[in-house]
2 protein chains.
Amino acid sequence: MSKSKKRIFLTVVAAASIAGTSLANAAISDEPIQPIEAVKIKNPALVELGKKLYFDPRLSKSGFISCNSCHNLSMGGTDNIKTSIGHNWHQGPINSPTVLNSSMNLAQFWDGRAADLKAQAGGPIDNPGEMGFTHELAVSVLQSIPAYVAEFKKSFGSDKVTIDEVTTAIAAFEETLVTPNSRFDKWLKGDKKALSADEIAGYTLFKESGCVACHNGPAVGGNSYQKMGVVEPYKTTNKAEGRSGVTGKDADRFNFKVPTLRNVELTYPYFHDGEAATLKDAVNTMARVQLGKKFTDKENAKIVAFLKTLTGDQPSFMLPILPPSSDSTPRPQPFSK
Amino acid sequence: MSKSKKRIFLTVVAAASIAGTSLANAAISDEPIQPIEAVKIKNPALVELGKKLYFDPRLSKSGFISCNSCHNLSMGGTDNIKTSIGHNWHQGPINSPTVLNSSMNLAQFWDGRAADLKAQAGGPIDNPGEMGFTHELAVSVLQSIPAYVAEFKKSFGSDKVTIDEVTTAIAAFEETLVTPNSRFDKWLKGDKKALSADEIAGYTLFKESGCVACHNGPAVGGNSYQKMGVVEPYKTTNKAEGRSGVTGKDADRFNFKVPTLRNVELTYPYFHDGEAATLKDAVNTMARVQLGKKFTDKENAKIVAFLKTLTGDQPSFMLPILPPSSDSTPRPQPFSK
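Residues numbered from 1 in each chain as written. Chains lettered and ligands numbered in written order. Predicted model: local features only at pLDDT ≥ 70, side-chain atom pairs only at ≥ 80, totals over all residues. Heavy atoms only, no water.

### Describing the overall build of chain A
Across its full length, chain A holds 13 helices and four strands. For chain A, whose C-alpha radius of gyration is 21 Å, the value lies close to the compact-globule estimate of 20 Å for 337 residues. By principal-axis analysis of the C-alpha atoms, chain A measures approximately 65 × 45 × 30 Å. For chain A, contacts bridging at least 24 residues in sequence account for 69% of all contacts bridging at least 6. (Helix = DSSP H or I, 4+ residues; strand = E, 2+ residues; numbered from the N terminus. Rg over C-alpha atoms; globule rule 2.2 N^0.38 Å. Contact = heavy atoms within 4.5 Å.)

### What about helix α3 (residues 44-55) of chain A?
Residue and element names in this part refer to chain A. Given a rise of 1.5 Å per residue, 12 residues ought to cover 16 Å, and the 17 Å separating the end C-alpha atoms of α3 matches this to within 8%. Among the 12 residues in α3, nine count as buried, and that is most of the element. Buried residues of α3: Leu46, Val47, Leu49, Gly50, Lys51, Lys52, Leu53, Tyr54 and Phe55, and no others. (Expected span 1.5 Å × (residues − 1). Buried < 20%, exposed > 50% of the residue type's maximum accessible area, 1.4 Å probe, protein only.)

### Points about the interface of chain B and chain A
In this complex, chain B contributes 45 residues to the contact, which on the side of chain A involves 45 residues. In this assembly, chain B and chain A are joined by zero salt bridges. In this structure, the connection of chain B to chain A is made through 14 residue pairs in polar contact (both at pLDDT 80 or more). Residue assignment for the side of chain B that touches chain A shows that the elements contributing at least two residues are α4 (67-70), β1 (85-86) and β2 (90-91) of chain B. (Salt bridge = Lys/Arg side-chain N within 4 Å of Asp/Glu carboxyl O. Polar contact = N/O pair within 3.5 Å; in protein donor to acceptor, adjacent residues only side chain to side chain.)

### Comments concerning the side chain of Thr83 of chain A
By the element assignment, Thr83 of chain A lies in the loop between α4 (67-70) and β1 (85-86). Here Gly92 of chain A takes part through its backbone oxygen, which lies 2.9 Å from a polar atom of the side chain of Thr83 of chain A. When neighbours within four sequence positions are excluded, Thr83 of chain A is seen to be in contact with Gln91, Gly92, Pro93, Ile94, Asn95, Asn238 and Asp273 of chain A together with Phe335 of chain B.

### Focus on the relation of the copies chain B and chain A
Each of the two copies of the chain can be brought onto the other by a rotation about an axis and a shift along it. Between chain B and chain A, the superposition needs a rotation of 180 degrees and an axial shift of 0.0 Å, giving an RMSD of 0.0 Å. Here the symmetry operator amounts to a two-fold rotation axis. By C-alpha distance to the rotation axis, the residue of chain B lying nearest is Met318 of chain B, at 2.1 Å. (Least-squares fit on C-alpha atoms with pLDDT ≥ 70 in both.)

### What about the packing of aromatic side chains?
Residue and element names in this part refer to chain A. Following the criterion strictly, the structure yields 30 aromatic pairs over all chains and no others. Arranged with centres 5.3 Å apart and planes meeting at 65 degrees, the rings of Tyr54 and Phe173 form a pair that is edge-to-face. Separated by 119 residues along the polypeptide, Tyr54 in helix α3 and Phe173 in helix α8 (residues 163-174) bring together distant segments of the chain. A relative accessible area of 0% places Tyr54 in the buried class. (Phe/Tyr/Trp six-rings, centres within 6.5 Å; stacked < 30°, edge-to-face > 60°.)

### A word on empty space enclosed by the protein
On inspection of all chains with the given rule, the structure shows five cavities of 30 Å³ or more. By volume, the largest cavity is sized at about 680 Å³. As for the largest cavity, its lining consists of 38 residues, and the residues nearest its centre are His215, Pro259, Leu261, Phe271 and Met286 of chain B. Secondary-structure elements contributing two or more residues to the lining of the largest cavity are β3 (225-227), β4 (255-257), α12 (279-291) and α13 (297-307) of chain B. Residue composition of the lining of the largest cavity, by class: 23 nonpolar, 12 polar and three charged. Of the pockets and cavities examined, the second largest cavity occupies roughly 380 Å³. Taken together, 24 residues make up the lining of the second largest cavity; nearest its centre are Asn68 and Ser69 of chain A together with Ser66, Asn68 and Ser69 of chain B. Listed by contribution, the elements that provide at least two residues to the lining of the second largest cavity are α4 of chain A together with α4 of chain B. (1 Å grid on protein atoms, 1.4 Å probe; cavity = no way out; pocket = protein on both sides within 12 Å on 5 of 7 lines; lining within 4 Å. Points joined across faces, edges and corners; volume = space filled by probe spheres on them. Nonpolar A, V, L, I, M, F, W, Y, C, P; charged D, E, K, R; others polar.)

### Topic: the layout of surface pockets
Residue and element names in this part refer to chain B. Taken as a whole, the second largest pocket encloses approximately 690 Å³ of empty space. Every element with two or more residues in the lining of the second largest pocket is listed here: α4, β1, α5 (117-125), α8 (163-174) and β4. At five residues, the largest contribution of residues to the lining of the second largest pocket is made by α5. Across the lining of the second largest pocket, the residue classes tally to 19 nonpolar, 16 polar and five charged.

### Some details on unusual backbone geometry
Where the residue is not glycine, phi is negative for most of them; where a peptide bond is considered, it is trans in most cases. Of note, the bond from Tyr268 of chain A into Pro269 of chain A is cis; its omega dihedral lies within 30 degrees of zero at -10 degrees. Within the fold, Pro269 of chain A resides in the loop between β4 (255-257) and α12 (279-291). With a phi angle near 80 degrees, Phe271 of chain A is a residue other than glycine that sits in the positive phi range. One can find Phe271 of chain A in the loop between β4 and α12. Using a relative accessible area of 12% as the deciding quantity, one classes Phe271 of chain A as buried. The backbone of Trp89 of chain B shows a phi angle near 65 degrees, a positive value even though the residue is not glycine. Tracing the backbone through its elements, the reader meets Trp89 of chain B in the loop between β1 and β2.

### As for the confidence of the model for chain A
Residues and elements named next belong to chain A. Summary statistics for chain A give a mean pLDDT of 93 and a share of 91% for residues scoring 70 or more. Residue range residues 1-24 is modelled with pLDDT below 50. Its contacts to residues more than four positions away, or to other chains, number 23 contacts. Among the scores for the predicted complex, ipTM is 0.92 and pTM is 0.92. (pLDDT = per-residue confidence, 0-100.)

### A word on the pattern of salt bridges
Residue and element names in this part refer to chain B. If you walk through the whole model with that rule in mind, you get 26 salt bridges over all chains. Among the salt bridges present, the one from Lys189 reaches Glu37, with a minimum N-O distance of 3.2 Å. Here Lys189 is found in the loop between α9 (183-188) and α10 (197-208), whereas its partner Glu37 is found in the loop between α2 (26-29) and α3 (44-55), with 152 residues between them in sequence. A residue is classified by how much of its surface remains accessible, and Lys189, at 42% relative accessible area, is partly exposed. For Glu37, a relative accessible area of 47% corresponds to the partly exposed category. With a shortest N-O distance of 2.5 Å, Lys118 and Asp164 are connected by a salt bridge. Taken as a pair, Lys118 in helix α5 and Asp164 in helix α8 lie far apart in primary sequence, 46 residues in all. Looking at Asp164, the relative accessible area reads 45%, which means it is partly exposed.

### As for the environment of Pro320 of chain B
Here Pro320 of chain B lies in the segment after α13. Looking at Pro320 of chain B, the relative accessible area reads 6%, which means it is buried. Along the primary structure Pro320 of chain B and Phe55 of chain B are separated by 265 residues, whereas in three dimensions their C-alpha atoms are 7.5 Å apart. Pro320 of chain B has contacts with Ser74 of chain A together with Lys51, Lys52 and Phe55 of chain B, leaving out every residue within four places of it along the chain.

### Some words on the environment of Ala287 of chain A
Residue and element names in this part refer to chain A. Looking at the element boundaries, Ala287 is found in helix α12. Exposure remark for Ala287: the relative accessible area of 1% places this residue in the buried category. In the structure, Ala287 is positioned 68 residues away from Ala219 in sequence and 20 Å away in space, judged by C-alpha atoms. Each residue touching Ala287, except ones within four places of it in the same chain, is listed here: Gly292, Lys293 and Phe295.

In structure tokens form, the structure reads like this:
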């Protein structure tokens, strides 16, 4: 590890330790990764509304694409495609990050251009290359559906649906999408049989090699921006430049939000360009361009074994049944230009 | 009603009455529509496997389109689009029929070209304008996923996945997608308060006007082919010619399978071309081209009120969580030509 990397690593570990310290659980506080706790749902009616909206393709121009299309809760909250398919089969510019545990991110999108889940939720709806709609039209669709109007009224007290309410409800649902009880978390909490020797060895390598400098905290990432290509430039045909587009600073070029590694077994392919098809590839590339290291195949396999212990309980709920459109609901326009 | 229509009507009503007769429930047997009964699941492991496959977009070339994309179980088992969106945003030639209660159809697809659900399930997978894949590639994807291989072995006893097993499992799941307990069925079973006076009046009109000649039996349709445009040619820009493509007989041109009216409130837009946006439109067009009738607005509203009583219990199950791809799983090719 370089001197500067080591400094970052130790600072982060120390900060994490302080944040996590409790008299009751000194073992956990020694680790740079903390367990995820199950969410207590405060407003079930709002979450139910948000769940329906999350699954409703009528928020897109085509009537075909919902939040769940690219952040599929059957598939780790991703689409498992390099870059997503949008309206009119538009090829997306960047890999769809997982929605699982996304409430723990310091900001949303790879470049952090949305402050929180609520700010994020409106983005794809009116992105011409994603859902291809407008906020006004999405709201007019919902406003025309009596069962939706009743649910909005229940949660917000008004007969008039607004985009602010729509994104509030979607965010409330997304905040419930946490994945506790991974084997790693069980191990963190004291069940020493939850991990195999190889998995523990992988975790040790993960810490000692410096991966944990960026991938730490409960989400094992999501809490900082880092340059993709610290030690060696990262070569890609993908045009995304990351954080500089938000800050306007040249120094932020190729800085991206560090992705969470929770459920990383499910969220392939990896990186903002989706170019790493497997965890093996991803670990090798990260070692090379971020740490200037080369793991042996055995070391790589141990780290991958550790990473697979980060898969937690997946969202568990009934498939939502959507209220039908009314005669006055604007119809989808999948093929109009 | 014309003499020939009346003959069909009476024959069907008589046949349905005989089929439904039981000493215990003479009231039901007098009606040309019979209640739907809940399905008893015989092979839960097979149904669970089929459910996963139904929701798995990895059965498509793009990794984006699953059975559920066009037969969305959150939306009445349809996509609520005139004609579906397929691979590369291909505009489908015909409206996606509902999968709900489809096990009751005399055959599958609008033209009946598949004998049963199993024969149907393979169709979209290798249709270039739908899922755009091949059976061989779909099987190779599943074969590469250890958790799927284990489930196939549990149900079929072999380590080798076949397309025959894939479609058997999907069909087994689809057979569970029945929708009992509609208000109409409650009324049929003797709960005379289950329907309003207008709804009963609508049902009476539905019977007396001749709608029931084709829309009868437990699925309120799905059990015969009929010409679209009996009394007056049906005008459409849609090129589908229906049954003649299967039989080769010119007399079968524009003959289509009569769609089920179960859950018709949810399965808009209507007809093989999806050109009727609302039930009001659909009832008016059917009256004109099939029966040579014109309903008053009040009559139409009563029939529509009756049709909305046919919405039954929607499928109720946990969102399936799909097993992740392995390192050797062929990756989706959404944008390759």
